[in-house]
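If you want the building blocks of each chain, they are given just below.
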Amino acid sequence: MDPAPLLSRSRVFQNLPLFLWALLNCALGLSAQGPGEWTPWVSWTRCSSSCGRGVSVRSRRCLRLPGEQPCWGDSHEYRLCQLPDCPPGAVPFRDLQCALYNDRPVLGTQRTYQWVPFYGAPSQCDLNCLAEGHTFYHSFGRVLDGTACSPGAHGVCVAGRCLSAGCDGLLGSGALEDRCGRCGGANDSCLFVQRVFRDAGAFAGYWNVTLIPEGARHIRVAHRSRNHLALMGGDGRYVLNGDWAVSPPGTYEAAGTHVVYTRDPGPEETLRAAGPTSADLLLQPAQTPPLTPDPCPPCPDTRGRAHRLLHYCASDFAFQARVLGRHRQAQETRYEVRIQLVYKNRTPLRAHEYVWAPGRCPCPLLAPHRDYLLAVQRLVSPDGTQDRLLLPHAGYARPWSPAEDSRIRLTALRCPV
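Residues numbered from 1 in each chain as written. Predicted model: local features only at pLDDT ≥ 70, side-chain atom pairs only at ≥ 80, totals over all residues. Heavy atoms only, no water.

Participant: Break down unusual backbone geometry for me, with residues and values.
Facilitator: Cis peptide bonds are those with omega within 30 degrees of zero, and the linkage from Gly 275 to Pro 276 qualifies with 0 degrees. Inspection of the secondary structure puts Pro 276 in the loop between strand 16 (268-273) and strand 17 (281-286). The omega torsion of the bond from Cys 363 to Pro 364 falls at -5 degrees, within 30 degrees of zero and hence cis. We note that Asn 187 has phi near 60 degrees; this positive angle belongs to a residue other than glycine. With respect to the helices and strands, the residue Asn 187 is situated in the loop between strand 9 (161-163) and strand 10 (210-212). Assessed through its relative accessible area of 44%, Asn 187 is described here as partly exposed. For His 369, which is not glycine, the phi dihedral falls at a positive 70 degrees. Mapped onto the secondary structure, His 369 falls in the loop between strand 20 (352-358) and strand 21 (371-380). (Helix = DSSP H or I, 4+ residues; strand = E, 2+ residues; numbered from the N terminus. Buried < 20%, exposed > 50% of the residue type's maximum accessible area, 1.4 Å probe, protein only.)

This is the structure we're talking about:
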């Protein structure tokens, strides 16, 4: 017999255990398998809203073989879509969802109610609705995706969670702009500049301290002396504290950004701006006449249900607004406001309005960058040249809160027809 075939068979039998182990290993799924693979993202859906803010979503599927691990990452992504502002007086999205249950039996009885949003419940993304004329609310499940978590808030509800958009536009991503303005950056694409100037009192009038260049971001200026900060635009015109006049604290438009000017009762002033600036700005200290304290007496107490009812029922407009700026002129104070929610209006309102208050010491005094509930009157001059929104002295102006929102909705039901 030829010995070669015997040698070949011997080698086969020697390798047989290894071959059988490999087959058994595959059959039992014991080999290490990686994750599956995602399909490409499908196109973004249409925005969930027809105006204002809404949500768009895209999805993908995980393809995996038996034994493979789930795909890494999310199957859905949500992004914020910003459309043109809704017209003044438009019914908010959450109000529409509550109104769907008007005149429908709920709570296991045949009684029906009229429903309005209730913001005092723990979960912002549940459809919590208050029965008008009653003191209870009911939860009708989750709100629809794209509903604002609360009036004036930046977050929107998605799948029952309140999410805010990152700088990449994706909801819940947590992506932030660095100090250079790059989304997700590491603060390494711009130059940090810091200047310190000490006023020895040897100068009089205006003098140049530093140039804030075009494109600057995160501007902060702190000043403590007997002088005042002056800011000049690239066109040579003063933004604030120019021409020997002291400007009131507030928000000013300059070089394509908002400059927030604050002044404490002491000698400290600050300038803040997020930027980026669209032109150069020149910073100057100025030796100006000393400020005299405001001789404003304390305002009368305007709390209570009777006061709210009186002014709400007598008003032409009632709305929630954010105060953007305050300017005193002659014997009046003018507030620039952004309308956020309208409760009552005799005529249409614009997104930005001016509210006038009589006197240089209006009561109550509204603070910039805060939200208020206001009841105002329309004042038209006899010759028709002036058409103003007037906040009466000691009128209705309350800081906005979910509880105050519920109170004013109940007040609306008690006004005589």
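Further notes follow.
Participant: Can you break down the pattern of salt bridges residue by residue, with the values?
Facilitator: One pass over the full model with this rule turns up 15 salt bridges. Between Glu 268 and Arg 224 there is a salt bridge, with its nearest N and O atoms 2.5 Å apart. With Glu 268 in strand 16 and Arg 224 in strand 11 (residues 219-224), the pair connects residues that are 44 residues apart, well separated along the chain. What makes Glu 268 partly exposed here is its relative accessible area of 23%. Among the ionic pairs, Arg 398 bridges to Glu 404, the shortest N-O distance being 3.5 Å. Of the two residues examined, Arg 398 and Glu 404, each falls in the buried class. (Salt bridge = Lys/Arg side-chain N within 4 Å of Asp/Glu carboxyl O.)

Participant: Explain the packing of aromatic side chains residue by residue, including any values.
Facilitator: According to the stated counting rule, one finds seven aromatic pairs in the structure shown. Within the aromatic cluster, the residues linked to one another by ring pairs are Tyr 101, Tyr 113, Trp 115, Phe 136 and Phe 140. For Arg 60, the ring lying beneath its charged end belongs to Trp 38, and the centroid distance is 4.2 Å. Sitting over the ring of Tyr 312, Lys 344 keeps its end group 5.2 Å from the ring centre. (Phe/Tyr/Trp six-rings, centres within 6.5 Å; stacked < 30°, edge-to-face > 60°. Lys NZ or Arg CZ within 6 Å of the ring centre and 35° of its normal.)

Participant: Can you lay out the sheet that holds strand 14 (residues 250-254) for me, pointing to particular residues and giving the numbers?
Facilitator: The four strands are arranged 11-16-15-14 in an open sheet whose pairing can be described as antiparallel. Strands with a single pairing partner mark the edges of an open sheet, and in this sheet they are strand 11 and strand 14. Across the sheet, the mean angle from the axis of one strand to that of its neighbour is 20 degrees, orientation sign disregarded. Both strand 14 and strand 15 (residues 257-263) contribute to a ladder of five bridges, which runs antiparallel. The partner of Ala 254 across the bridge, within strand 15, is Thr 257. (Pairing = 2+ DSSP bridges. Axes fitted to C-alpha atoms, helices over the stretch in contact; angles between N-to-C directions.)

Participant: I'd love a proper account of the environment of Ala 318, names of residues and values included.
Facilitator: Along the chain, the position of Ala 318 falls in strand 18 (residues 317-329). On the basis of relative accessible area, Ala 318 is assigned to the buried category, the value being 0%. Sequence separation between Ala 318 and Ala 397 is 79 residues, and the spatial gap between their C-alpha atoms is 9.8 Å. Setting aside its immediate chain neighbours within four residues, Ala 318 contacts Tyr 312, Val 342, Tyr 343, Lys 344, Leu 374 and Ala 375. (Contact = heavy atoms within 4.5 Å.)

Participant: Can you explain the sheet that holds strand 12 (residues 228-233)? Please cite residues and give values.
Facilitator: Taken in spatial order, the four strands make up an open sheet running 10-17-12-13, and their pairing is antiparallel. Each edge of the sheet is formed by a strand with only one pairing partner; in this case those strands are strand 10 and strand 13 (238-240). Each adjacent strand pair in this sheet contributes to an overall mean axis angle of 35 degrees, direction not counted. Direction of pairing for strand 12 relative to strand 17: antiparallel, over a ladder of six bridges. Paired with Met 232 across the bridge in strand 17 is Leu 282.

Participant: Pulling in residues and values, what's your account of empty space enclosed by the protein?
Facilitator: Taken as a whole, this structure holds one cavity of 30 Å³ or more when the rule is applied. Estimates place the volume of the largest cavity at around 50 Å³. Around the largest cavity, the lining residues are Ile 212, Ile 219, Leu 231, Thr 257, Val 259, Leu 271, Arg 272, Ala 273, Thr 277 and Leu 281. Those elements that place two or more of their residues in the lining of the largest cavity are strand 15 and strand 16. Top element by residues in the lining of the largest cavity is strand 16. It accounts for three residues. In terms of residue class, the lining of the largest cavity is built from seven nonpolar, two polar and one charged. (1 Å grid on protein atoms, 1.4 Å probe; cavity = no way out; pocket = protein on both sides within 12 Å on 5 of 7 lines; lining within 4 Å. Points joined across faces, edges and corners; volume = space filled by probe spheres on them. Nonpolar A, V, L, I, M, F, W, Y, C, P; charged D, E, K, R; others polar.)

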